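Commentary on secondary and tertiary structure
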Amino acid sequence: DKSEFVAAARSLGFTMNDEELGKIFDEVDKDKSGSVDQEEFVRFCVQYPATLNIEQDLPAGTDLSSIAHCLSADQAQHGFRTAHMILDKNPKACKAPMNTKPPPGTSPWYPLHYLLTLDSSQYAKKQGATGSSAVAADRAFKASAEALILRILKTHPEQAELRVMEGVRYQLGNLPLEYAIARDWRAEVVEAIIKANPKATTALDPAGNKKKFDPKSWAPAATKGCRWMRKIAEETKVTPEVLRLLPKPSGSPVKWQEGQAVEDEERAKAEAKAAKEAKKAEKQAAKAAKAAKAAEAKAAKEAAKAAKATIATDEAPAGT
């Protein structure tokens, strides 16, 4: 609602008074629902950066070759404005790695990977936020990070293809799409990553971490011993909107069924099962009703018989 919107805006460093923020809330609330959803809040973060209480130009000597140095929680508080300003001057700055000397055998992390794995709860904790303030801080942080993630994907979609952590837990490492799924990012972020790297949705990665492994010869014909994005999503228990974006594998050779088709099929099965159970329950109810009616008739018959016997006893001559 409006009070949460104001609290979230304050946590990002917006300095307008409550009345001004209230007017912006009415403007951002496009569907006039009385609340601002995540998409609308992201749009707000992008639309009103000039109102932030921070430097409106980069200090002299700012490193424009990378945004790795301006992705801290403090920067998040101001909507990662410095990163956006650097990208305005040098769009390729998001391609500079976070770590120039990664562990042997692994690829360097890039801003996209880092942003996707940031812990928003730690950001709220650092602010000392609790209760509704913590919710607002978490929401503000996610919105700030999401705006930057979407910008990186729009200008440099190839970043969605870059793996990291090879050979650490899994032989082929992790793709950005996995981080987006596992860290519960909104469907809009997941969809943007899929658009940038559609092959990620049907990638079959080895589930383990074998000592001897040749990536070039890895070509599984079935899902046994593999991990894939929808499986990760189901284990993570993501929202239906995210699950709908991910195809499901089956058979050998593997065939992929679109997520929407899987949802429709599962819904049809659930409805058929519910109808079958309802019909079964109806039959059981009818059977129970019939049995109850029979028991009632039997009881009435026995009661009548007992009453007749009582009358016969009362009418019998004394001493007989």
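Residues numbered from 1 in each chain as written. Predicted model: local features only at pLDDT ≥ 70, side-chain atom pairs only at ≥ 80, totals over all residues. Heavy atoms only, no water.

1. Things to note about the overall build of the protein chain
Counting its regular elements, the protein chain contains 13 helices and four strands. When burial is assessed residue by residue, the protein chain has 38% of its 320 residues classed as buried. Within the protein chain, contacts between residues at least 6 apart in sequence are counted, and of these 62% link residues at least 24 apart. Per element, the accessible surface of the protein chain, about 18,700 Å² overall, is 54% carbon and sulfur. (Helix = DSSP H or I, 4+ residues; strand = E, 2+ residues; numbered from the N terminus. Buried < 20%, exposed > 50% of the residue type's maximum accessible area, 1.4 Å probe, protein only. Contact = heavy atoms within 4.5 Å. Areas by Shrake-Rupley, 256 points an atom, 1.4 Å probe, with all protein chains shown as cover.)

2. Focus: the nonpolar core
Here is a general trend for soluble globular proteins: nonpolar side chains tend to be buried in one another's company. Ranked by size, the top nonpolar core spans 44 residues in total, and within it Ile67, Phe80, Leu116 and Leu177 carry the most contacts. Looking at this core, the elements with two or more residues in it are helix H5 (81-89), helix H6 (111-117), helix H8 (131-155), helix H9 (176-182), helix H10 (187-196) and helix H11 (229-236). Ranked by residues supplied to this core, first place goes to H10 with seven residues. Ignoring any residue separated from it by four or fewer positions in sequence, one finds Phe80 in contact with Cys70, Leu71, Ser72, Gln75, Leu115, Leu118, Ser144, Ala145 and Leu148. Formed by nine residues, the second largest nonpolar core is a distinct cluster that contains Val6, Met16, Ile24 and Phe25. (Core = buried A, V, L, I, M, F, W, Y, C linked by side-chain atoms within 4.5 Å.)

3. Section: empty space enclosed by the protein
Scanning all chains against the criterion turns up two cavities of 30 Å³ or more. Each pocket or cavity is described by its volume, and for the largest cavity that value is around 50 Å³. In this structure, the largest cavity is lined by Arg163, Leu175, Ala203, Asp205, Arg227, Trp228, Met229 and Ile232. Each residue belonging to the lining of the largest cavity can be placed in one class, and the counts come to five nonpolar, no polar and three charged. (1 Å grid on protein atoms, 1.4 Å probe; cavity = no way out; pocket = protein on both sides within 12 Å on 5 of 7 lines; lining within 4 Å. Points joined across faces, edges and corners; volume = space filled by probe spheres on them. Nonpolar A, V, L, I, M, F, W, Y, C, P; charged D, E, K, R; others polar.)

4. Some details on H11
For H11, the complete set of buried residues consists of Met229, Arg230, Ile232 and Ala233. Here the buried residues of H11 occupy an arc of 160° about the axis, which is enough to place them on one side. In the core, the buried residues of H11 are packed alongside H9, strand S2 (226-227), helix H12 (240-243), strand S3 (248-250) and helix H13 (259-315). The first or second residue beyond H11 is Lys237, which carries a positive phi of 60°. (Arc of directions from axis to C-beta.)

5. Structural notes on the layout of surface pockets
Remark: the empty space left among the atoms is shown by a probe the size of a water molecule rolled over them. Reported here for the largest pocket is a volume of approximately 240 Å³. Ranked by the residues each element gives to the lining of the largest pocket, the list is headed by H11, at four residues.

6. Topic: the side chain of Thr106
Inspection of the secondary structure assignment puts Thr106 in the loop between H5 and H6. A polar contact of 2.7 Å, which involves the side chain of Thr106, links it to the backbone oxygen of Pro103. (Polar contact = N/O pair within 3.5 Å; in protein donor to acceptor, adjacent residues only side chain to side chain.)

7. What to know about the packing of aromatic side chains
For the structure shown, the criterion picks out two aromatic pairs. Seen in terms of ring centroids, Phe80 and Phe141 are 6.5 Å apart; in terms of plane orientation they differ by 65°. Their pairing is edge-to-face. Pair noted here: Phe80 is in the loop between helix H4 (73-77) and H5 and Phe141 is in helix H8, with a separation of 61 residues, a long-range link. Neither Phe80 nor Phe141 differs from the other in exposure class; each is buried. Ring centres 5.6 Å apart and planes at 35° place the aromatic pair Trp109 and Tyr179 in the tilted group. Placement of the pair is Trp109 in the loop between H5 and H6 and Tyr179 in helix H9, with a sequence separation of 70 residues. The residue whose ring lies beneath Lys142 is Trp185, and the NZ or CZ to ring-centre distance is 4.0 Å. Above the face of the Tyr170 ring, Arg227 is positioned so that its terminal group lies 3.4 Å from the ring centre. (Phe/Tyr/Trp six-rings, centres within 6.5 Å; stacked < 30°, edge-to-face > 60°. Lys NZ or Arg CZ within 6 Å of the ring centre and 35° of its normal.)

8. Let's talk about the pattern of salt bridges
For the coordinates displayed, the defined rule picks out 12 salt bridges. Among the ionic pairs, Arg227 bridges to Glu178, the shortest N-O distance being 2.5 Å. With Arg227 in strand S2 and Glu178 in helix H9, this residue pair connects regions lying 49 residues apart in the sequence. Of the two residues examined, Arg227 and Glu178, each falls in the buried class. Between Glu265 and Lys269 there is a salt bridge, with its nearest N and O atoms 3.6 Å apart. On the criterion of helical spacing, the pair formed by Glu265 and Lys269 is a turn pair, its members being four residues apart in helix H13. Residue Glu265 is classed as partly exposed on the basis of its relative accessible area, which comes to 37%. Judged by its relative accessible area of 54%, Lys269 falls in the exposed class. (Salt bridge = Lys/Arg side-chain N within 4 Å of Asp/Glu carboxyl O.)

9. A word on unusual backbone geometry
In the segment running from Ser252 into Pro253, the intervening peptide bond is cis, with an omega of 5°. Positionally, Pro253 belongs in the loop between S3 and strand S4 (255-257). Its identity is not glycine, yet Asp184 carries a phi of approximately 60°, on the positive side. Relative to the helices and strands, Asp184 resides in the loop between H9 and H10. The backbone phi angle of Lys237 is positive, close to 60°, even though this residue is not glycine. With respect to the helices and strands, Lys237 occurs in the loop between H11 and H12.

The analysis is restricted to geometry; functional conclusions fall outside its scope.
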